[in-house]
Amino acid sequence: MMRKFLFLFLMLCCSYELHAIELSGKYLSQSGELLFVFKGDSLYIDIAQSQRNISAFKLVKNKETKKSTTFNAFESYLENGQVTYREVLIRVTRQKSKKYLLEYFGKDKDRDYNSNERYNIRPID
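Only a predicted model underlies this, so the values are computations on that prediction, with no experimental measurement involved. (Residues numbered from 1 in each chain as written. Predicted model: local features only at pLDDT ≥ 70, side-chain atom pairs only at ≥ 80, totals over all residues. Heavy atoms only, no water.)

### A closer look at unusual backbone geometry
Phase 1 of the analysis: A positive phi angle, close to 60°, is found at Gln51, a residue other than glycine.
Phase 2 of the analysis: Checked against the element boundaries, Gln51 lands in the loop between strand 3 (42-47) and strand 4 (53-64).
Phase 3 of the analysis: Look at Asn80: it is not a glycine, yet its phi comes out positive at around 55°.
Phase 4 of the analysis: Following the sequence through the fold, Asn80 ends up in the loop between strand 5 (68-79) and strand 6 (82-96).
Phase 5 of the analysis: Residue Asn80 is classed as exposed on the basis of its relative accessible area of 76%. (Helix = DSSP H or I, 4+ residues; strand = E, 2+ residues; numbered from the N terminus. Buried < 20%, exposed > 50% of the residue type's maximum accessible area, 1.4 Å probe, protein only.)

Here you go:
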């Protein structure tokens, strides 16, 4: 009986650790300047003080582990009056309980070069 209980307890502990990152809601950058809103399969990036939208991405999971999730992120925007699409890579890694590192890899729509940006984010109410 004790062996069954121990086995069940170990299985429960292991299954708890295997849960991947579930992102939903609002997250504030460490600097307090940016607000990241995960809603369904979308990510909205706003200026925290004014709630002005900077970017909106459609997220498609690319790779998922228990510590990080990588997304192919698609954004549409206007460039010279025409709708333009771009794809970037976004990876979110769990750092500590309720603290994450969001990394952005790709060509920025406002610049002519590739960028790699990193933001420490935490959930807000």
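### Describing the sheet that holds strand 2 (residues 34-39)
Phase 1 of the analysis: An order of 1-2-3-4-5-6-7-8 is seen for the 8 strands of this closed barrel, with the pairing classed as antiparallel. Taking the axes of each pair of neighbouring strands and ignoring which way they run, one obtains an average angle of 30° across the sheet.
Phase 2 of the analysis: Across 6 bridges, strand 2 lies against strand 3 in antiparallel orientation. Residue pairing in the sheet places Val37 in a bridge with Tyr44 of strand 3. (Pairing = 2+ DSSP bridges. Axes fitted to C-alpha atoms, helices over the stretch in contact; angles between N-to-C directions.)

### Details of the packing of aromatic side chains
Phase 1 of the analysis: One pass over the structure, following the stated rule, counts 3 aromatic pairs.
Phase 2 of the analysis: For the ring pair Tyr27 and Phe38, a centre distance of 5.5 Å and an interplane angle of 90° mean the geometry is edge-to-face. Note that Tyr27 is positioned in strand 1 (residues 25-29) and Phe38 in strand 2, a separation of 11 residues in sequence. Note on accessibility: Tyr27 and Phe38 belong to one class, buried.
Phase 3 of the analysis: Summarising the aromatic geometry, the rings of Phe36 and Tyr119 are spaced 5.4 Å apart at their centres and angled 55° between planes, so their arrangement reads as tilted. In this pair, Phe36 is assigned in strand 2 and Tyr119 in strand 8 (residues 114-123), connecting sequence segments 83 residues apart.
Phase 4 of the analysis: On the basis of relative accessible area, Phe36 is assigned to the buried category, the value being 1%.
Phase 5 of the analysis: By relative accessible area, which is 21% here, Tyr119 ends up partly exposed.
Phase 6 of the analysis: Joined through ring pairs, the aromatic side chains of Tyr27, Phe38 and Tyr100 make up one cluster. (Phe/Tyr/Trp six-rings, centres within 6.5 Å; stacked < 30°, edge-to-face > 60°.)

### Quick look at the nonpolar core
Nonpolar side chains in soluble globular proteins tend to end up buried together.
Phase 1 of the analysis: Counting residues in hydrophobic clusters, the biggest one holds 18 residues, and the most contacted among them are Phe36, Phe38, Leu43, Phe57, Leu59, Ile90 and Val92.
Phase 2 of the analysis: At the level of secondary structure, the elements contributing two or more residues to this core comprise strand 2, strand 3, strand 4, strand 5, strand 6 and strand 7 (99-107).
Phase 3 of the analysis: If we skip the residues at most four places from it in the chain, Leu59 touches Phe38, Asp41, Ser42, Leu43, Phe71, Asn72, Ala73 and Ile90. (Core = buried A, V, L, I, M, F, W, Y, C linked by side-chain atoms within 4.5 Å. Contact = heavy atoms within 4.5 Å.)

### Focus: the pattern of salt bridges
Phase 1 of the analysis: Taken as a whole and judged by the stated rule, the model has 5 salt bridges.
Phase 2 of the analysis: Lys61 is the partner of Glu64 in a salt bridge, and the nearest nitrogen-oxygen pair spans 3.1 Å.
Phase 3 of the analysis: On the accessibility criterion, Lys61 (45% relative accessible area) is partly exposed.
Phase 4 of the analysis: A salt bridge links Arg118 to Glu103, with the nearest nitrogen and oxygen atoms 3.1 Å apart. Residue Arg118 is found in strand 8, and its partner Glu103 is found in strand 7; the two are separated by 15 residues along the sequence. (Salt bridge = Lys/Arg side-chain N within 4 Å of Asp/Glu carboxyl O.)

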